[in-house]
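So you can see what is in the structure, the chains are spelled out below.
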Amino acid sequence: MPYVPVAELSQYVGKELGRSEWLKIDQERINLFAEATGDFQFIHVDPAKAAKTPFGSTIAHGFLTLSLIPKLMENILVLPEGLKMVVNYGLDSVRFIQPVKVDSRVRLAVSLGEVIEKKPGQWLLKATATLEIEGEEKPAYIAEPLSLAFV
């Protein structure tokens, strides 16, 4: 995670901060997410039935792919020096554009959209996170995650 003086955070607004490493979304990850959430819709967990759909295979849960944002963004998002902690503050928007098929590789492209001082020592960072799918023209989603940094 790159750390910068608080006074310099605004210099990163509107800029691409980088991309994560590629991550393979395999059936085991999808099945574990189904178990954790109770979402066993066949399109996610039944390869035989899913093969007969327009997707041709199982697909990752949309919320599985969203849940990857903190991990994929951890070494990209610029944060203020003197950081005590950073917490997930939610999402301003999410648009799922296309599904992530099983065994696809994904990576997150991150840019900083906004920096707001909520109160002294608390900075709200609004990013734009685009989950790219290797070999695909369109991303899986574009989201605006919010992180609250305490200094």
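Parameters and conventions
- Residues numbered from 1 in each chain as written.
- Predicted model: local features only at pLDDT ≥ 70, side-chain atom pairs only at ≥ 80, totals over all residues.
- Heavy atoms only, no water.
- Helix = DSSP H or I, 4+ residues; strand = E, 2+ residues; numbered from the N terminus.
- Buried < 20%, exposed > 50% of the residue type's maximum accessible area, 1.4 Å probe, protein only.
- UniProt positions renumbered as here; feature names shortened; annotations may be inferred.
- Pairing = 2+ DSSP bridges.
- Contact = heavy atoms within 4.5 Å.
- Polar contact = N/O pair within 3.5 Å; in protein donor to acceptor, adjacent residues only side chain to side chain.
- Salt bridge = Lys/Arg side-chain N within 4 Å of Asp/Glu carboxyl O.
- Phe/Tyr/Trp six-rings, centres within 6.5 Å; stacked < 30°, edge-to-face > 60°.

Peer 1: For the overall build of the chain, give the residues involved together with the corresponding values.
Peer 2: In terms of helices and strands, the chain carries five helices and eight strands. Secondary structure of the chain in N-to-C order comes out as β-β-β-α-α-α-α-α-β-β-β-β-β. Counting only C-alpha atoms, the chain reaches 55 × 30 × 20 Å along its principal axes. When each of the 151 residues of the chain is scored for burial, the buried share is 40%.

Peer 1: With reference to specific residues and values, describe the UniProt feature "domain: MaoC-like" (unreviewed entry) in the chain.
Peer 2: UniProt feature "domain: MaoC-like" (unreviewed entry): in the numbering of this structure it lies at residues 12-119. Across residues 12-119, the secondary structure splits into 28% helix and 34% strand, with the terminal C-alpha atoms separated by 20 Å.

Peer 1: Quick one: what's the story with the pairing of strand S8 (residues 141-150), residue by residue and with numbers?
Peer 2: For S8, the tally of buried residues reaches eight of 10 residues, placing the bulk of the element in the interior. The pairing of strand S5 (residues 85-96) with S8 spans nine bridges and is antiparallel. When the sheet's bridge partners are listed, Leu91 is paired in S8 with Pro145. Direction of pairing for strand S7 (residues 122-133) relative to S8: antiparallel, over a ladder of eight bridges. In the sheet register, Gln122 faces S8, and the bridge partner there is Phe150.

Peer 1: Residues and numbers for the environment of Arg105, please.
Peer 2: Structurally, the position occupied by Arg105 is in strand S6 (residues 104-119). Discounting residues that sit within four places of it in the chain, Arg105 has contacts with Trp22, Leu23, Lys24, Glu132, Ile133 and Glu134. Within the local environment of Arg105, its side chain forms a polar contact with the side chain of Glu134, the two groups lying 2.8 Å apart.

Peer 1: Provide a residue-level description of the pattern of salt bridges, including the pertinent values.
Peer 2: All told, the structure shown has eight salt bridges when counted by the stated rule. Residue Glu16 is joined to Arg19 by a salt bridge in which the shortest nitrogen-to-oxygen separation is 2.5 Å. Since its relative accessible area comes to 37%, Arg19 is described here as partly exposed. Residues joined in a network through salt bridges with shared partners are Glu16, Arg19, Arg107 and Glu132.

Peer 1: Which residues make up the packing of aromatic side chains, and what values go with them?
Peer 2: One pass over the full model with this rule turns up two aromatic pairs. Ring centres 6.5 Å apart and planes at 85 degrees place the aromatic pair Phe63 and Phe96 in the edge-to-face group. In this pair, Phe63 sits in helix H4 (residues 62-67) while Phe96 sits in strand S5, placing the two residues 33 residues apart along the sequence. Taking the relative accessible area as the measure of exposure, Phe63 reaches 61% and is therefore exposed. Judged by relative accessible area, which is 47%, Phe96 ranks as partly exposed. Both rings, one in Phe96 and one in Tyr141, keep their centres 6.2 Å apart while their planes meet at 85 degrees; by these two values the pair is edge-to-face. With Phe96 in strand S5 and Tyr141 in strand S8, the pair connects residues that are 45 residues apart, well separated along the chain. The buried category is assigned to Tyr141, whose relative accessible area is 0%.

Peer 1: Quick rundown of the side chain of Ser20? Include the residues and the values.
Peer 2: Along the chain, Ser20 turns up in the loop between strand S2 (16-19) and strand S3 (23-25). The contacts of Ser20, once residues within four sequence positions are left out, are Leu72, Ile76, Arg107 and Leu108.

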